[in-house]
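# Observations on the three-dimensional arrangement
One letter stands for each residue in the lines below.
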Amino acid sequence: MSRSLLAWPGVPLALLSAALFGVSTPFAKLLLGDGVSPWLLAGLLYLGSGIGLAILQAVRKASGAMTAEAPLRRADLPWLALIVLSGGVIAMTAASTASLLLNLESLATMALAWVLFGEHVDRRLLLGAAAILAGAVLLSWQSGPAGFGWGAAAIAGACLAWGLDNNLTRRLSAADPVQIALIKGLAAGAVNLVLALIAGAQLPSASAIGGAALIGFIGYGVSLVLFVLGLRHLGAARTGAYFATAPFIGAVVAIALLGEPVTGQLIIAGLLMALGLYLHLAEAHEHEHTHEVFEHEHRHAHDTHHQHPHGPGDPAGEPHTHRHRHLPLIHKHPHYPDLHHRHPHRHARAR
């Protein structure tokens, strides 16, 4: 299997997710300016994503497209509640507009994925992630006092919550990503909007609310759907690293939309991120590994990892979704830490 095929479709999905999220910032600034409360803006964007995805879900249900994805089950609800609480409520209500510290989200995602959740990493990936994060930090660096006080600690805590959110979402990435993003958008949007109004925020005009809802649907809702699909194929650490390119993409769009200048910071940040992406895309992780017996449910086709029998009630055609059992399998091929490759590593055997 070639490296380009190995990277497909996870890397394009993660980068497109970052692009949609990155362009949402300059578009929101163009529409609403700088005077909108961060809580209120978060509420409008998240609600827009939830409402837009609810409409999309209704269309999918009417067309029968939902059958291709595994629905959330009762056992998933505790994890979903933690995801909404950590990523959509705690993080959004603790964070402000300190973009430099908000880049800690990707660092927290990768650190938790590697240390706490056991995803594989080697020196090439660490160097690539460091280059991407260095570019994001450089791009967001502001001159003047750093201001590292309680506010900075709250934002760092928010980033840790986002990192936990991303890793917990990885656990549910086999399920329908639209359903996950829809619930998170509606819940997080409602909480942030209510808190903003209680704090005295004033709603903007109806046209501005509609524009914010559209930006939220694309930049938050569709972006999150793509992010969950990236988690499905790449794991949290790699998806988080690619998502860290969002500030650069937003800065490039801001140049075109808002006439902001091309700076040395932007050029150097772009070069650092390009180096990081190259190191990640050049990954060739291949070793003999064992698939243990387990059962799960997700969208799949009958490839090497899905050679299971079908019962009379299982769907026909591919791809399809049904609960299936994986038998023991030992083989060797290039792979990412996707749904079927979350195994422990002995570093001497991996390359």
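## Re the overall build of the chain
The secondary structure content of the chain amounts to 13 helices and 4 strands. Per-residue burial over the chain gives 49% buried out of 351 residues. Within the chain, contacts between residues at least 6 apart in sequence are counted, and of these 87% link residues at least 24 apart. If you sum the accessible surface of the chain, you get close to 16700 Å²; carbon and sulfur atoms cover 67% of it.

## Thoughts on the nonpolar core
Ranked by internal contacts, the top residues of the largest apolar core, which has 43 residues, are M110 and I180. Elements that contribute at least two residues to this core include exactly helix 2 (10-32), helix 4 (77-94), helix 6 (104-115), helix 7 (123-140), helix 9 (177-198), helix 10 (206-234), helix 11 (236-243) and helix 13 (264-281). When residues of this core are assigned to their parent elements, the largest contribution, 8 residues, is made by helix 10. Counting residues in hydrophobic clusters, the runner-up holds 9 residues, among them L32, L44, L47 and A196.

## Some remarks on the environment of G317
Positionally, G317 belongs in the loop between strand 2 (294-300) and strand 3 (320-326). On the basis of relative accessibility, which here comes to 46%, the residue G317 falls in the partly exposed class. Between the C-alpha atom of G317 and that of A301, which follows or precedes it by 16 residues, the distance is 8.8 Å.

## Section: the packing of aromatic side chains
Scanning all chains against the criterion turns up 4 aromatic pairs. Aromatic side chains F21 and Y220 sit 5.3 Å apart centroid to centroid with 50° between the ring planes, which places their arrangement in the tilted category. Taken together, the residues F21 in helix 2 and Y220 in helix 10 connect sequence positions 199 residues apart. Judged by its relative accessible area of 27%, F21 is partly exposed. Taken together, F21, Y46, Y220, F227 and F243 form an aromatic cluster joined through their ring pairs. One cation-aromatic arrangement involves R171 over W79; the distance from NZ or CZ to the ring centre is 4.0 Å.

## Quick notes on the side chain of N192
Considering the arrangement of structural elements, one finds N192 in helix 9. Within polar-contact distance, the side chain of N192 engages the backbone oxygen of A188 at 2.7 Å.

## Here we look at helix 2
In a regular helix each residue adds 1.5 Å, so 23 residues correspond to 33 Å; helix 2 covers 33 Å between its end C-alpha atoms and thus fits that length. Buried within helix 2 we find G10, V11, L13, A14, S17, A18, L20, G22, S24, P26, A28 and L32. Of the residues trailing helix 2, G33 is marked for its positive phi of about 75°.

## A few points about the pattern of salt bridges
Per the counting criterion, the structure on display carries 7 salt bridges. Ionic pairing is found between R60 and D176, a salt bridge with its closest N-O pair at 3.1 Å. Residue R60 is located in helix 3 (residues 38-63), and its partner D176 is located in the loop between helix 8 (150-171) and helix 9; the two are separated by 116 residues in the primary sequence. In this pair, the class of R60 matches that of D176, namely buried. Here K184 and D165 are joined by a salt bridge, their closest N and O atoms 2.5 Å apart. Separated by 19 residues along the polypeptide, K184 in helix 9 and D165 in helix 8 bring together distant segments of the chain. Across the pair, exposure class does not vary: K184 and D165 are buried alike. By sharing partners, the salt bridges in this structure join E295, R323 and R325 into a single network.

About the criteria used
- Residues numbered from 1 in each chain as written.
- Predicted model: local features only at pLDDT ≥ 70, side-chain atom pairs only at ≥ 80, totals over all residues.
- Heavy atoms only, no water.
- Helix = DSSP H or I, 4+ residues; strand = E, 2+ residues; numbered from the N terminus.
- Buried < 20%, exposed > 50% of the residue type's maximum accessible area, 1.4 Å probe, protein only.
- Contact = heavy atoms within 4.5 Å.
- Areas by Shrake-Rupley, 256 points an atom, 1.4 Å probe, with all protein chains shown as cover.
- Core = buried A, V, L, I, M, F, W, Y, C linked by side-chain atoms within 4.5 Å.
- Phe/Tyr/Trp six-rings, centres within 6.5 Å; stacked < 30°, edge-to-face > 60°.
- Lys NZ or Arg CZ within 6 Å of the ring centre and 35° of its normal.
- Polar contact = N/O pair within 3.5 Å; in protein donor to acceptor, adjacent residues only side chain to side chain.
- Expected span 1.5 Å × (residues − 1).
- Salt bridge = Lys/Arg side-chain N within 4 Å of Asp/Glu carboxyl O.

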